[in-house]
Amino acid sequence: MFEINNNRNVASDLPIITNNFQVLHFDEFPILFIGENPYGNKILGSLVCEDEDDDNLFRYFQSIVKDEIYFQFIDKKISYLEVLENSSSIFVLDKDINNKIIAIFHISFSEIPKDYLPLPNSFCPDIAELMSQRTH
Amino acid sequence: MTFNQLHENTDCDCLIKSQENTENLFARKVGKAKTELKSRDFKTHHERGITVASPDDCSKVCGKRGLSVDIWNDDTKAAILQRFMTTFAISPKLKNHLSIIKFKEGAGVVKHTPVVEPIPNENHYDFYKSDEFNLDLVELVELIPLRQNV
């Protein structure tokens, strides 16, 4: 886990997925996923890490993405790293294993330690269901 | 082998179609770089406190009480590595080593539980720990840092 300044702590439902949750990549847990917040914005999220000392603490990135960026991502024109790089709405959510939210932080891309960033080849996996949503 | 802990507080029989397997190799992702296995990496979701929304759905109940492993051989390793490398590209700090293991007699049983979505995975098995399970009953054959495969 990386440290986040407490002044980044927010009480906001903007990054919370309430509708149309869909897993894009699964590896024991949902690793990459999409959904919508209560206001209909698309939220792209990922499981960042598990706390090494606490069995029950999971950290996620959840960002609001514009439709244009979302479609570029599922079309593999941009990577997940580029999505985050160009996002002004990156939230970090700490949750327990039952998805109960423990804390929400609003941070900027530059505050994410480099070794926690997705790699340049973090492109959207191929999922048949997503093909139908593509723009071409 | 006994499986009383596996079946604690459930009427589901998770052992249906399971069998002991001490011959094949299996792959499981583990945490920080190390030379030995840690019990933390062999805790089931059930042991970590996950609640199952539908306690009558035995496939879900048993899935949370088993450990996810993939059968590892020349036919499966490319697909397994590709999936884990996808995870690594998205989340490089998330359990970034792949352990190749073999279960010893008495460790437990495996059940073939292919994953259907979002991406099909025919290589997936659930491993159910016996009551006697401990890490001495798991042989670590190889530990592969995922970073070296980038």
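Residues numbered from 1 in each chain as written. Chains lettered and ligands numbered in written order. Predicted model: local features only at pLDDT ≥ 70, side-chain atom pairs only at ≥ 80, totals over all residues.

Quick look at the overall build of chain A
Consideration 1: Check the secondary structure of chain A and you find three helices and six strands.
Consideration 2: Its C-alpha atoms give chain A a radius of gyration of 14 Å, near enough to 14 Å, the size a compact globule of 136 residues would have.
Consideration 3: Here chain A, with 136 residues, has 29% of them falling under the buried criterion. (Helix = DSSP H or I, 4+ residues; strand = E, 2+ residues; numbered from the N terminus. Rg over C-alpha atoms; globule rule 2.2 N^0.38 Å. Buried ≥ 20, exposed ≤ 12 C-beta atoms within 10 Å, placed from the backbone.)

Some points on the overall build of chain B
Consideration 1: If you tally the helices and strands in chain B, you get two helices and six strands.
Consideration 2: Across chain B, helices and strands are ordered from the amino to the carboxyl terminus as β-α-β-α-β-β-β-β.
Consideration 3: In terms of overall dimensions, chain B has a C-alpha envelope of 45 × 35 × 30 Å along the principal axes.
Consideration 4: Out of the 150 residues belonging to chain B, those deemed buried represent 33%.
Consideration 5: Sequence separation of 24 or more characterises 74% of the internal contacts of chain B that already satisfy a separation of 6 or more. (Contact = placed C-beta atoms within 7 Å.)

Some thoughts on the sheet that holds strand E5 (residues 124–129) of chain B
All names here are of chain B.
Consideration 1: Strand order in the open sheet made by the six strands is E4-E5-E2-E1-E3-E6, with antiparallel pairing throughout. With partners counted over all chains shown, the strands left at the sheet margins are strand E4 (108–112) and strand E6 (138–145), one partner each. The average angle at which neighbouring strand axes cross in this sheet is 35°, direction not considered.
Consideration 2: Of the pairings in the sheet, the one linking strand E1 (residues 25–30) to strand E3 (residues 97–103) comprises five bridges and is antiparallel in character. Bridged to Lys 29 within E3 is Leu 98.
Consideration 3: Strand contacts of helix H2 (residues 77–90): E1, strand E2 (67–72) and E3, with the helix running at about 140° to E2, the strand carrying the most contacts. (Pairing = 2+ DSSP bridges. Axes fitted to C-alpha atoms, helices over the stretch in contact; angles between N-to-C directions.)

Quick look at the interface of chain A and chain B
Consideration 1: Listed as interface residues are 27 residues of chain A and, on the opposing side, 22 residues of chain B.
Consideration 2: For the side of chain A that touches chain B, the secondary-structure elements that each account for two or more residues are strand E1 (19–27), strand E2 (29–36) and strand E3 (42–50) of chain A.
Consideration 3: Split by residue class, the side of chain A that touches chain B holds 15 nonpolar, six polar and six charged. (Nonpolar A, V, L, I, M, F, W, Y, C, P; charged D, E, K, R; others polar.)

Side note on helix H1 (residues 58–65) of chain B
All names here are of chain B.
Consideration 1: Residues Val 61, Cys 62 and Arg 65 constitute the buried set of H1. Down the axis, H1 shows its buried residues gathered within 90° of arc, on one side only.
Consideration 2: Next to the buried residues of H1 lie E5. (Arc of directions from axis to C-beta.)

A closer look at the pairing of E3(A)
Residues and elements named next belong to chain A.
Consideration 1: In terms of residue burial, E3 counts as a mostly covered element, since seven of its nine residues are buried.
Consideration 2: Of the strand pairs in this sheet, E2 and E3 are connected by five bridges, and their pairing is antiparallel. Directly across from Phe 33, in E3, lies its bridge partner Gly 45.
Consideration 3: In this sheet, strand E4 (residues 58–65) lies alongside E3 in antiparallel orientation, the contact comprising eight bridges. Across the sheet, residue Glu 50 finds its bridge partner in E4, namely Phe 58.

Some thoughts on the environment of Gln5(B)
All names here are of chain B.
Consideration 1: Residue position: Gln 5 is located in the segment before E1.
Consideration 2: A count of 15 C-beta atoms within 10 Å places Gln 5 in the partly exposed class.
Consideration 3: Taking the C-alpha atoms as reference points, Gln 5 and Thr 51, separated by 46 residues in sequence, lie 16 Å from one another.

What to know about the environment of Ile78(A)
Residue and element names in this part refer to chain A.
Consideration 1: Secondary-structure assignment places Ile 78 in the loop between helix H1 (67–74) and helix H2 (80–85).
Consideration 2: Ile 78 gets classed as partly exposed once you count the C-beta atoms within 10 Å, which come to 19.
Consideration 3: Once residues lying within four places of it in the same chain are set aside, the contact partners of Ile 78 are Gln 72, Phe 73 and Val 83.

Some details on unusual backbone geometry
All names here are of chain A.
Consideration 1: Positioned with a positive phi, Glu 28 is a non-glycine residue whose angle comes to about 70°.
Consideration 2: As for its placement among the helices and strands, Glu 28 is situated in the loop between E1 and E2.
Consideration 3: Despite not being glycine, Lys 76 has its phi angle at roughly 65°, a positive value.
Consideration 4: In this structure, Lys 76 sits in the loop between H1 and H2.
Consideration 5: Given 12 C-beta atoms within a 10 Å radius, Lys 76 is considered exposed.

A word on the confidence of the model for chain B
Consideration 1: With 97% of its residues at a pLDDT of 70 or more, chain B shows a mean pLDDT of 93.
Consideration 2: Model confidence for the complex: the whole-complex pTM is 0.91, and ipTM, which rates the interface, is 0.93. (pLDDT = per-residue confidence, 0-100.)

A closer look at the sheet that holds E4(A)
Consideration 1: The six strands are arranged E1-E2-E3-E4-E5-E6 (chain A) in an open sheet whose pairing can be described as antiparallel. Each having just a single partner strand, E1 and strand E6 (101–107) of chain A make up the two edges of the open sheet. Taken pair by pair, the neighbouring strands of this sheet meet at an average axis angle of 25°, ignoring direction.
Consideration 2: Packing against the sheet, H2(B) makes contact with E1, E2 and E3 of chain A, and its axis sits at approximately 120° to E1(A).

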